[in-house]
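Chain residues, written in single-letter form:
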There are 2 protein chains.
Amino acid sequence: MSTQSTPAYLPAPAGEMGLLTDLYELTMAQSYFAEGMDGEATFSLYIREYPPDRGYLVAAGVDDALDCLAALSFNAESVAYLRDTGIFTEDFLEYLGDFRFTGCVRAMPEGSLFFTDEPVLEVTGPIIAAQLAETIVINQIQYQTLLATKSARCVQAAEGRPIADFAARRTHGGEAALRMSRVSYIAGFGATSNVLAARRYGIPPTGTMAHSYITSFDDEAEAFRAYSRMFPDRSILLLDTYDTVNAAHKATVIAREMEAEGKRLTGVRLDSGDFDALSRQVRRILDDAGLDYVRIVASGGLDEYALERLVQDGAPIDMFGVGTRVGVSADAPSCDMVYKMVGYNGRPVMKLSAGKASLPGAKQVFRRHDGEGAMAGDIIGLDGEEVAGCEPLLDTVMIDGDHTRPLESISDARQRVVQGLASLPEEYKSLRSPARYPVSISAGLARLDRQIRNEIATLRSQ
Amino acid sequence: MSTQSTPAYLPAPAGEMGLLTDLYELTMAQSYFAEGMDGEATFSLYIREYPPDRGYLVAAGVDDALDCLAALSFNAESVAYLRDTGIFTEDFLEYLGDFRFTGCVRAMPEGSLFFTDEPVLEVTGPIIAAQLAETIVINQIQYQTLLATKSARCVQAAEGRPIADFAARRTHGGEAALRMSRVSYIAGFGATSNVLAARRYGIPPTGTMAHSYITSFDDEAEAFRAYSRMFPDRSILLLDTYDTVNAAHKATVIAREMEAEGKRLTGVRLDSGDFDALSRQVRRILDDAGLDYVRIVASGGLDEYALERLVQDGAPIDMFGVGTRVGVSADAPSCDMVYKMVGYNGRPVMKLSAGKASLPGAKQVFRRHDGEGAMAGDIIGLDGEEVAGCEPLLDTVMIDGDHTRPLESISDARQRVVQGLASLPEEYKSLRSPARYPVSISAGLARLDRQIRNEIATLRSQ
């Protein structure tokens, strides 16, 4: 039973989703198939190390990953292509032709705060299905989590000033542009410039004008006048095409003309130069003209660090547009998110690679809050364990490949980020060198970890 | 006439491509429409500053951008959504319902080397069409150019050793994963792990096994044995699940067993630890067992800097897999690529913003080669100028919204990168602090630049 109401927006046509994977997923599956290995496997998706200066992560892309899994199949052309590679056996190709993802998935909901080593998602199912989920699950959740996290840091830094997503031209493709709009809104942005994203996700669209608009007129003031004539209720005039201060004076003239028509200029936008100095100059020019209601928007190369500085220095900027640096998570465009097998055929398993060891067994993450409702530490335990007074974060979202609940609404996910950040103590939210949020391991998991390490050591010494 | 043979792979459904844009493109278009501004505009797409340590850029994504432009339209649902925003007039919405991109495009072909300030693409057309092209053109060409450039740098560093694209799980979405496979192959990679990309673009697919494969067996040697039994002609055994050196010894046992069956182990893969030291240890173990034909593959966190060090230090690695850092262009995930209006209604225009000034007029890029065929400097001139002894790089690729030639074949684009890099002198290819390739401005363009600056200064002083 699928309870999904709107069609999924997949990164590849449904019948080709099976091929949107690394070849080794398919060669491993072929080997499992040939060996008759059809036991149940569990894989954990988690981040091993924080990206620089991150003290928390915002889970995002989970629902997109689930949509991809629900669509994971191989149409006739896909099977024909695989046949042509000469790598696979005919009975396995037939199996792939009928393949549907039949795993069960437990996951944190979209917008959850999570920390290193904590599984944000676990897949349990026949080993071939669970293995074939790997590439697309990481592909969807890793970058969306990074973009959501970077966006949440901007929201923190802006201290209540609205932020709009202007990233569409800088994201890595159109799919990423849509996702950036969605996850930045979940993280607390107020609007997006991306019209398709606004429509698909129900986000307020926003936009002003580009330099090209100004240069297409013989005269800057004429451009301002034409725009405000067209959009008397939503004009934000771009000031930096030729000279910001000069243009601010022209904007006051336009605003006065609008007042004579009973209209009000919404704002002006700074897009280059020293935002702190320019915003103060422009504010003064506007105020001196009695235009204290005209808002100042700044955009261009902004990120959480720039926002923090401008806000703390008291630059009179009312609204920010962010794009380039946030839409690619510039200082952490990728991270060490992995999808590791933690159990097979009733047997917990782990990997011991230098610096990359994994914890064995299907897990649950338990969150403890103190008396004031502040997050006080997480415990990674085994699935099925109970930890008194703690909230379990992973919930069953898919059984046998079917969604068990409707996808999250974007407003629910957004609310979850707000609540999460409100209950996360300050020291873990610092934009630079945050303290490490306490994540411990349950007694049950610690015991299992020791046991499996011993078993592997014994095997290796044989 | 469209000469395109295979269906385009668009970042949004065709009828929704018009909405995959920034709102301001549409509000500006509405104003142009209302003002009766239908003059011809020219926009230049170029990069203002080199990303860190880059001395050249590899043009990529041009053909995808053209496909997006050919599909740029607004279906009934898109128009209905725009109507609901309350921003647009009914006559403009009707115009959008019938809108097709009718501009002409001149561009450098996929795989061309280019440098700062040089237009890689120019759009000339009715101002609304040319303006509406902006967001998607930058969105497609910017990141693909960055990924192609990063990949080309890896190819340089590998000095002939084959490289495979393993980036599918780290790119920003599925669309970016497909493009990464394509542009890295154009840049000189030999294969991709991404099966859908391999099929769509005709790239050799490649893959080995994951740690999960090893851990799904009770015993590492059993896993190796099962895999090589299944794929006797293409087995590359992953060594670092528990202990690399220990696993190398097991691999020699497997290889001997394969020899007894008349088969040869293809290779082994290192995926963590000190690649230089481990590759030497593993090479010795293999050679001591008479397995000098078994190749060593290294993967995990590699980029051009790591490849350069390993190759220069003589680490005995035969093949590299790169993913994480290259698939997001980690040290330069975005750049300052802009799409600027340079002419409107027969009048050259420019922008003077601090540090962001643009050059006026429709342009051509002329490349000069010395007597030995080495690239000796580019000249940015005006479209229509001729510069003796130089090759013009921009070619007409679209007229009135129709492709004028088939899209580039991936092998032609790949060959273009090989030739370009072969003719680019060493100093501009250094992976760190390269010299600045000489790009000058033609006398005609310099004259026009001075003239427009003077006109703007005169206007501003009025």
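Just so we're clear, the structure is a prediction, and the values are computed from it rather than from any experiment.

1. Observations concerning the overall build of chain A
Here is step 1: In terms of regular secondary structure, chain A is built from 16 helices and 19 strands.
Here is step 2: Taking the principal axes of the C-alpha coordinates as reference, chain A spans close to 85 × 55 × 40 Å.
Here is step 3: For chain A, the proportion of its 462 residues judged to be buried stands at 56%.
Here is step 4: Considering only contacts within chain A whose residues lie at least 6 apart along the sequence, 72% involve residues at least 24 apart.

2. Points about the sheet that holds strand β7 (residues 191-192) of chain A
Residue and element names in this part refer to chain A.
Here is step 1: As summarised here, the arrangement of the six strands in space is β7-β6-β11-β10-β9-β8, forming an open sheet in which the pairing is parallel. The two strands at the open ends of the sheet, each matched to only one other strand, are β7 and β8 (236-238).
Here is step 2: Pairing geometry for strand β9 (residues 267-270) and strand β10 (residues 295-299), over four bridges, is parallel. Along β10, the bridge assignment pairs L270 with A298.

3. A word on the packing of helix α10 (residues 220-230) of chain A against helix α11 (residues 244-260) of chain A
Residue and element names in this part refer to chain A.
Here is step 1: One can describe the packing of α10 onto α11 by two numbers: an axis separation of 10 Å at closest approach and a directional angle of 35°. As α10 packs across α11, the resulting crossing turns out to be right-handed. Touching E220, A221, F224, R225 and S228 of α10 are A247, K250, A251, V253, I254 and M258, all from α11.
Here is step 2: Taken together, the residues of the contact of α10 with α11 sort by class into seven nonpolar, one polar and three charged.

4. Regarding helix α15 (residues 410-423) of chain B
Residue and element names in this part refer to chain B.
Here is step 1: In this model, α15 (14 residues) spans 20 Å end to end at C-alpha, consistent with the 20 Å of a helix rising 1.5 Å per residue.
Here is step 2: Of the residues making up α15, those classed as buried are A413, R416, V417 and L421. Projected down its long axis, α15 carries its buried residues within an arc of 120°, all on one side. Turned more than 90 degrees off the buried face of α15, the exposed positions are S411 and A422.
Here is step 3: Check the buried side of α15 and you find it contacts β2 (57-58), α6 (134-158) and α7 (174-186).

5. A short note on helix α1 (residues 23-35) of chain B
Here is step 1: Counted at 1.5 Å a residue, the expected span for α1 of chain B with its 13 residues is 18 Å, and the 18 Å between its end C-alpha atoms agrees.
Here is step 2: Of all 13 residues in α1 of chain B, 10 are buried; the element is thus mostly enclosed.
Here is step 3: Buried positions along α1 of chain B lie against α8 (195-201), α9 (211-215) and α10 of chain A together with α4 (90-98), α5 (127-132) and α6 of chain B.

6. Quick notes on the nonpolar core
Here is step 1: In terms of nonpolar packing, the biggest core is built from 301 residues, with A251 of chain A together with A251 of chain B touching the most fellow members.
Here is step 2: Sequence-distant contacts of A251 of chain A, defined by excluding residues within four places in its chain, comprise F224, L237, L239, L265 and V268 of chain A.

7. Quick word on the domain arrangement of chain A
All names here are of chain A.
Here is step 1: Examined at the domain level, chain A breaks down into domain 1 (14-147 + 332-461) and domain 2 (148-327).
Here is step 2: Here the C-alpha centre of domain 2 lies 38 Å away from the C-alpha centre of domain 1.
Here is step 3: Every element with two or more residues in the side of domain 1 that touches domain 2 is listed here: β2 (57-58), α6 (134-158) and α15 (410-423).
Here is step 4: Here the side of domain 1 that touches domain 2 is composed, by residue class, of 12 nonpolar, four polar and four charged.

8. Describing the relation of the copies chain B and chain A
Here is step 1: When chain B is fitted to chain A, the best match, at an RMSD of 0.0 Å, comes from turning it 180° and sliding it 0.0 Å along the axis. Within this description, the copies of the chain are treated as partners about a two-fold rotation axis.
Here is step 2: Interface overlap between copies: 100% of the residues of chain B at the interface are likewise at the interface in chain A, consistent with a symmetric, same-surface contact.

9. A look at the interface of chain B and chain A
Here is step 1: Taken together, the 85 residues of chain B in the interface contact 85 residues of chain A.
Here is step 2: At nine residues, the largest contribution of residues to the side of chain B that touches chain A is made by α1 of chain B.
Here is step 3: For the side of chain B that touches chain A, the per-class residue count stands at 40 nonpolar, 30 polar and 15 charged.

10. Side note on the pairing of strand β11 (residues 319-322) of chain B
Residues and elements named next belong to chain B.
Here is step 1: By the alternation rule, side chains of β11 split into M319 and G321 and F320 and V322, which are all buried.
Here is step 2: As paired elements, strand β10 (residues 295-299) and β11 share three bridges and run parallel to each other. Note that in β11 the partner of V297 across the bridge is M319.
Here is step 3: In this fold, the crossover linking β10 to β11 by way of helix α13 (residues 304-312) has right-handed handedness.

Calculation criteria
- Residues numbered from 1 in each chain as written.
- Chains lettered and ligands numbered in written order.
- Predicted model: local features only at pLDDT ≥ 70, side-chain atom pairs only at ≥ 80, totals over all residues.
- Helix = DSSP H or I, 4+ residues; strand = E, 2+ residues; numbered from the N terminus.
- Buried ≥ 20, exposed ≤ 12 C-beta atoms within 10 Å, placed from the backbone.
- Contact = placed C-beta atoms within 7 Å.
- Pairing = 2+ DSSP bridges.
- Axes fitted to C-alpha atoms, helices over the stretch in contact; angles between N-to-C directions.
- Left-handed = near helix turned anticlockwise from the far one by under 90°.
- Nonpolar A, V, L, I, M, F, W, Y, C, P; charged D, E, K, R; others polar.
- Expected span 1.5 Å × (residues − 1).
- Arc of directions from axis to C-beta.
- Core = buried A, V, L, I, M, F, W, Y, C linked by C-beta atoms within 7 Å.
- Domains from an automatic or database assignment.
- Least-squares fit on C-alpha atoms with pLDDT ≥ 70 in both.
- Right-handed = clockwise from strand over helix to strand, strands pointing away.

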